[in-house]
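Read off the chains here:
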Amino acid sequence: MAVDEQRAGSRVSRPEIRLVRRGFTDPAQAVRLLAGPGLEGLADDPVLLDALGATADPDLALLGLARLLEAADEAERRTLRDTLTTSKPLRDRLLGVLGVSTALADHLARHPHDWHMLVTFELRDMHPGPEDFRRALAEGVRRGREGGRSPADALRVAYRRCLLAIAARDLTGTTDLAQTAAELADLAGATLQTALDLTAEQDQDAARACRLAVIGMGKCGGRELNYVSDVDVIFVAEPREGVDEHEAVKAATRLAAALTRLCADTTGEGTIWPVDANLRPEGRNGPLVRTLASHLAYYQRWAKTWEFQALLKARPVAGDAELGAAYLEALAPMVWQAAARDNFVTDVQQMRRRVIDSIPATELDRQLKLGPGGLRDVEFSVQLLQLVHGRTDPALRSGNTLEALAALSRGGYVGRADAVSLDTAYRFLRSLEHRIQLYRLRRTHLMPTGAEDLRRLARSLAALINDDTRSDPVAALQREWKRHAVEVRRLHEKLFYRPLLDAVAELPPGAAGLTPDAARARLEALGYADPAAALRHLSALASGVSRKAAIQRTLLPVLLGWFADSADPDAGLLNFRQVSDALGRTPWYLRLLRDESAAAEQLARVLSAGRLAPDLLLRAPEAVAMLGDPQGLAPRGRAALEQEILAAVGRAGSTAAAVAAARSVRRRELFRTAAADVLGRLGEDPAEALDTAGEALTALNAATLQGALRACTAGWEAEHGDLPTRIAVIAMGRFGGHELGYGSDADVLFVHEPLLGSLEQDAARAAQAVCNELRTLLGAPSTEPPLLVDADLRPEGRSGPLVRTLASYAAYYRRWSHAWESQALLRAEPVAGDEELGARFRQLIDPLRYPGVGVPERDLVEIRRIKARIEAERLPRGADPTTHTKIGRGGLADVEWTVQLLQLQHGHELPALRTTRTRAALAAAAEAGLVGRSDAQVLDAAWVLASRVRSAVMLVRGRPGDSFPGEARELAGVARYLGYGAGHSGELVDDYRRTTRRARAVVERLFYGG
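**Points about the overall build of the protein chain**
Now for step 1: In terms of regular secondary structure, the protein chain is built from 45 helices and 10 strands.
Now for step 2: Relative to the 2.2 N^0.38 estimate, which gives 30 Å for 1010 residues, the radius of gyration of the protein chain is 38 Å and therefore markedly larger than a compact globule would have.
Now for step 3: If you line up the protein chain on its principal axes, its C-alpha atoms span 125 × 90 × 45 Å.
Now for step 4: For the protein chain, the residues scored as buried account for 56% of the 1010 residues in total.
Now for step 5: Partitioning the contacts of the protein chain with sequence separation of at least 6, the portion at a separation of at least 24 is 73%.
Now for step 6: Surface summary for the protein chain: the accessible area is close to 42,200 Å², and the carbon and sulfur share equals 50%.
Now for step 7: The positive charge centre, built from 130 side chains, and the negative charge centre, built from 132, are 2 Å apart in the protein chain.

Dropping the structure here:
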């Protein structure tokens, strides 16, 4: 007996286990339902069970199906069962609806024949419009009357039948959100028209006395309606010929009131939806119906800003089409001039704040529509930008949020990336709202809290959720919702408070005030680390009645958003305050910020991108003017820089002043290059931008050296007479390779040649004095950034003379030169001083760096030994070799030594290898077949990434570094510079390690012969 019971228990449990695996949460109930009336024999149908398991809520879908089958008569039940098991489209539509909506399941239980709607799919056209719905509703009313129903009930049943078809199309992916919302709005318009026809039929006297147009407002007007929503309308009437206007308005009021009751009253078939006419002139206190002239008079004299904003979505949806079109034509010009009203932007912003303040605290975190980061943030942002710019750009005049957003993006009023983010977030939030409302067909915008409700929502939206919803659908849904809400709020702050809206709307500067409370709320929302300090800066910037304060009050809201886009918004705000303190009384600065939106944004980006550019700017804030010039950040060539520096040197009264003048020009040009780099103006491709920056910095340092050499020579001659020698400066290392970073020293060699008749000893002393003073004055402490001139690569290093004659270099290289010195000379290039002497130095060293016999075995061993020693001994204590950009694995040294070895081996036979530039030499080696294409790409990618990391570290920290910063904000700043979004710093480090690991493997083969 026990064995039989055990077997019986086993037989019962196996179906339940199968059901659990298919997603059922109450398998016992499911087993009972599958054994009940109508479903007998289907319990073992894997097709049906799989289809149920694929729904948002398998238990709900099965319960709805059981109720439908139970309600159907025997013939209807057989037909439904047969169709259900043989027709996948019907199965997907019916079960998809039943798995989401108990309200539509109730409808089918009351009207079991309506499931045929999903088979014949009467509205299956890809884009059914108002006329299609009107025909369906009219036919439903006719059938209902024939069956003994009242016209009101017949309309409700027909409406739900159409709603069932829309939901089925939506839930099976036949339509997207925009089309679903448009169909719901068209159904609402058709329902209003049908209801108006029924009321006119019942009150024919009123219908004969007036023409009545129903204007859809809000989401109905914008063709973006929810499943359950108040339908906002405005009624406008005109008398028919021979009818007194007063009598016509009274008649129209009877029709409008009857229409409203018909749609809103609850009967045995429920309600359709409330008709809300509170957007009419004077709201609830005004007459329900007005004539067109009365509407015009009101809007011309009394309407508030929000009323014009509401009219943006106005659209005739029912009644007299000609009158509706006349209404729209008459009012549209006023809508698109609303932005010229006094305090327009401020009024709209304050209205949005009032909406948020009105939300109960218990609902704030659950509000999809009105809460921060909700649907209304998107809608308000889009509408404000439409009203401001739509005056002059008719392409923006759409009542539909997504269409308007796309138009704003096409017109350049919203960045493409921002528009895509807003569009995606809006679609997700609206889809989430739709699914919540479909459950019971109740008007709500609150996220549910029950686990079952959240699970059903997550499963129904799985296609829109980035995370895998299978393991924990509720957690995946919550993450996706919060992610979109944060993005919407960020973009809302950025777009809703654009700084130039007042100027575009021709309002007085400063009309958009910034209260301390509003600033604190915004700062916290935007992620400022120290809101208290930020508020102090804001108070200092915005307080007072000065013109400066007024303009900055207008600018600050959006500047805060721009700063928030950076890794260190607090630093951006502090830097802005310091620049404004220095330039705030300068008229051109205020005009630049007020009138040039691009300049204001560029300034914000530069000030919050790190320490280097702001430090350079704060030393001479007038450089802000570059940001207002479309070509102001374009790199300048060597000739132009040298001409300016030499002119400044020539005007100076002393050697020290002359070198200071050269350094001043260098500081300004460093800012130009750094700002252009931060703003992405040096090239779209990262490698191109890196090369452009390297060329710009090389040209700048070369011109500075030329100016300093001229100044020091002139100073020596003023004291001693004509200089008895010629001097040339030879760039080495990254300087010679045109690969300088922002923190690079200027590696050089100094060479001189006594003039005819001069004593060599006198010439040497003079050259030594001039070059020593040049190095001292360029590196001396000053308000200007130093240019450290490093001559340690000279023969005998620090132990040797600073300056040698060309003959001395020749004698040294002939007798004592080591392999590493030939390697170092690969990047030697004359950059300043006597050009003819520089050219002769190049001729001297070419046989050394491009030896005709290649690299002897002993030199190859020596080069490899030195490289291995550097790796072992020069890596700083505690440094991670996988992330050290200079001598770490796969870093700059690995790539450069590999390329230089190829140059030493093959430069004599391949002219293309005779270049000081690493990337050019690597490309030439690949072209000649010395390196495989894929290997060359790996090495190039590692070298570019390591070089960009070094530049980023200098830009962010304001001091050079060869490793990733340890401080989180600095690392985030480096990641932002390299194109990684917020919170993705770890990805940067992982990508760097992966890239350099591949490069190291190539180096092992090519350099070490592994």
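Read on for the rest.
**Overview of the nonpolar core**
Now for step 1: Core analysis: the largest hydrophobic core is formed by 140 residues, its most contacted members being Phe576, Leu705 and Phe750.
Now for step 2: The element best represented in this core is helix H34 (residues 686-720), accounting for 15 residues.
Now for step 3: Setting aside its immediate chain neighbours within four residues, phenylalanine 750 contacts Ala728, Val729, Cys771, Leu774, Arg775, Val789, Ala791, Leu802, Val803, Arg804 and Tyr809.
Now for step 4: Among the nonpolar cores identified, the runner-up in size contains 84 residues, and Ala30, Leu187, Tyr227 and Leu255 belong to it.

**Description of the side chain of aspartate 935**
Now for step 1: Looking at the element boundaries, aspartate 935 is found in helix H43 (residues 933-957).
Now for step 2: Exposure remark for aspartate 935: the relative accessible area of 14% places this residue in the buried category.
Now for step 3: When residues no more than four places from it in sequence are discounted, the contact partners of aspartate 935 are Val1002 and Arg1005.

**Thoughts on the state of the cysteines**
Any covalent bond linking the sulfur atoms of two cysteines counts as a disulfide.
Now for step 1: Counted according to the given criterion, the structure contains 0 disulfides.
Now for step 2: Counting only cysteine sulfurs, cysteine 263 is the nearest neighbor of cysteine 162, a cysteine outside any disulfide, at a range of 14 Å.
Now for step 3: On the basis of relative accessibility, which here comes to 2%, the residue cysteine 162 falls in the buried class.
Now for step 4: Here cysteine 771 is not cross-linked by a disulfide; its sulfur's nearest cysteine counterpart is in cysteine 712, at 8.6 Å.

**Thoughts on the pairing of strand E2 (residues 231-239)**
Residues in a regular strand project their side chains so that they alternate between the two faces of the sheet.
Now for step 1: Where burial is concerned, most of E2 is hidden: 8 out of the 9 residues are buried.
Now for step 2: In the sheet, strand E1 (residues 210-216) pairs with E2 via 7 bridges, with the strands oriented antiparallel. Each bridged residue has a counterpart across the sheet, and for leucine 212 the counterpart in E2 is alanine 237.
Now for step 3: Of the pairings in the sheet, the one linking E2 to strand E3 (residues 275-276) comprises 2 bridges and is parallel in character. Looking at the pairing, valine 231 lines up with valine 275 of E3.

**As for the pattern of salt bridges**
Now for step 1: For the structure on display, the rule yields 70 salt bridges.
Now for step 2: Of the charged contacts in the structure, one is a salt bridge between arginine 827 and glutamate 739, with a shortest N-O distance of 2.7 Å. One end of the pair, arginine 827, is in the loop between helix H38 (819-825) and strand E10 (829-833); the other, glutamate 739, is in the loop between helix H35 (733-736) and strand E7 (746-754), with 88 residues separating them in the sequence.
Now for step 3: Judged by its relative accessible area of 9%, glutamate 739 falls in the buried class.
Now for step 4: Ionic pairing is found between aspartate 991 and arginine 994, a salt bridge with its closest N-O pair at 2.2 Å.

**Focus on the environment of leucine 60**
Now for step 1: Mapping leucine 60 onto the fold places it in helix H4 (residues 58-71).
Now for step 2: Residues leucine 60 and serine 101, spaced 41 residues apart in sequence, show a C-alpha to C-alpha distance of 8.2 Å.
Now for step 3: Among residues more than four places away in sequence, those in contact with leucine 60 are Leu98, Gly99, Val100, Ser101, Thr102, Tyr439 and Arg456.

**Here's the deal with the packing of aromatic side chains**
Now for step 1: Tallied over the full model, the rule gives 10 aromatic pairs.
Now for step 2: Ring centres of tyrosine 159 and tryptophan 273 lie 6.1 Å apart, and the angle between their planes is 85 degrees; on these two criteria the pair is classed as edge-to-face. Taken together, the residues span a long stretch of sequence, with tyrosine 159 in helix H10 (residues 151-171) and tryptophan 273 in the loop between helix H14 (245-264) and E3 at a distance of 114 residues. In this structure, tyrosine 159 and tryptophan 273 share a single accessibility class: buried.
Now for step 3: With 6.4 Å between their ring centres and 70 degrees between their planes, tryptophan 897 and phenylalanine 1007 make a pair best called edge-to-face.

**Re the packing of helix H11 (residues 177-202) against H14**
Now for step 1: Where H11 contacts H14, the two axes come as close as 9 Å, and the packing angle between them is 120 degrees. With respect to H14, the element H11 is oriented oblique. Pair H11 / H14 crosses with right-handed handedness. Here Leu192, Ala195, Leu196, Leu198, Thr199 and Ala200 of H11 lie close against H14, whose contacting residues are Leu255, Ala258, Leu259, Leu262 and Cys263.
Now for step 2: Per-class residue counts for the contact of H11 with H14 are 10 nonpolar, 1 polar and no charged.

**Description of the environment of aspartate 467**
Now for step 1: With respect to the helices and strands, the residue aspartate 467 is situated in the loop between helix H22 (451-460) and helix H23 (473-496).
Now for step 2: Considered as a pair, aspartate 467 and glutamate 688 are 221 residues apart in the sequence and their alpha carbons are 36 Å apart.
Now for step 3: Each residue touching aspartate 467, except ones within four places of it in the same chain, is listed here: Ala476 and Arg479.

**Things to note about H14**
Now for step 1: Compared with the 28 Å implied by 1.5 Å per residue over 20 residues, the 28 Å span of H14 between its first and last C-alpha is a close match.
Now for step 2: Where H14 begins, the capping side chain belongs to aspartate 244, and its oxygen is found 2.9 Å from the backbone nitrogen of histidine 246.

**Things to note about unusual backbone geometry**
Now for step 1: A positive phi angle is found at leucine 441, which is not glycine, with a value near 50 degrees.
Now for step 2: You can see leucine 441 is positioned in the loop between helix H21 (416-440) and H22.
Now for step 3: Since its relative accessible area comes to 13%, leucine 441 is described here as buried.
Now for step 4: At glutamate 796, a residue that is not glycine, the phi angle is positive and equals roughly 70 degrees.
Now for step 5: Inspection of the secondary structure assignment puts glutamate 796 in the loop between strand E8 (789-790) and strand E9 (803-805).
Now for step 6: Owing to a relative accessible area of 46%, glutamate 796 belongs among the partly exposed residues under this scheme.

**Some details on H4**
Now for step 1: For H4, which comprises 14 residues, the first-to-last C-alpha distance of 20 Å matches the rise-based estimate of 20 Å (1.5 Å per residue) to within 8%.
Now for step 2: Most of H4 is tucked away: 10 of the 14 residues are buried.

**Focus: the confidence of the model for the protein chain**
Now for step 1: Across the protein chain, the average pLDDT comes to 88, with 92% of residues at or above 70.
Now for step 2: Element-level pLDDT for the protein chain is lowest in helix H24 (residues 501-504), with a mean of 30, against a maximum mean of 98 in E1.
Now for step 3: The model gives residues 1-12 a pLDDT under 50, and that stretch makes 0 contacts with residues more than four places away or in other chains.
Now for step 4: Scored below 50 in pLDDT, residues 497-515 makes 59 contacts in the model with residues more than four places away or belonging to other chains.

**Structural notes on the environment of arginine 290**
Now for step 1: Of note, arginine 290 is situated in strand E4 (residues 289-291).
Now for step 2: Placed 238 residues apart in sequence, arginine 290 and leucine 52 show a C-alpha to C-alpha distance of 53 Å.
Now for step 3: Ignoring sequence-local partners within four residues, the contact set of arginine 290 consists of Phe235, Val236, Ala237, Pro281, Glu282, His295 and Tyr298.
Now for step 4: Within the structure, the side chain of arginine 290 is placed 2.2 Å from the side chain of glutamate 282, a separation counted as a polar contact.
Now for step 5: A polar contact is formed between the side chain of arginine 290 and the side chain of serine 294, at a distance of 2.9 Å.

Criteria and thresholds
- Residues numbered from 1 in each chain as written.
- Predicted model: local features only at pLDDT ≥ 70, side-chain atom pairs only at ≥ 80, totals over all residues.
- Heavy atoms only, no water.
- Helix = DSSP H or I, 4+ residues; strand = E, 2+ residues; numbered from the N terminus.
- Rg over C-alpha atoms; globule rule 2.2 N^0.38 Å.
- Buried < 20%, exposed > 50% of the residue type's maximum accessible area, 1.4 Å probe, protein only.
- Contact = heavy atoms within 4.5 Å.
- Areas by Shrake-Rupley, 256 points an atom, 1.4 Å probe, with all protein chains shown as cover.
- Lys, Arg positive; Asp, Glu negative; His and termini not counted.
- Charge placed at Lys NZ, Arg CZ, Asp CG, Glu CD.
- Core = buried A, V, L, I, M, F, W, Y, C linked by side-chain atoms within 4.5 Å.
- Disulfide = S-S within 2.5 Å.
- Pairing = 2+ DSSP bridges.
- Salt bridge = Lys/Arg side-chain N within 4 Å of Asp/Glu carboxyl O.
- Phe/Tyr/Trp six-rings, centres within 6.5 Å; stacked < 30°, edge-to-face > 60°.
- Axes fitted to C-alpha atoms, helices over the stretch in contact; angles between N-to-C directions.
- Parallel < 35°, antiparallel > 145°, perpendicular 65-115°, else oblique.
- Left-handed = near helix turned anticlockwise from the far one by under 90°.
- Nonpolar A, V, L, I, M, F, W, Y, C, P; charged D, E, K, R; others polar.
- Expected span 1.5 Å × (residues − 1).
- Polar contact = N/O pair within 3.5 Å; in protein donor to acceptor, adjacent residues only side chain to side chain.
- pLDDT = per-residue confidence, 0-100.

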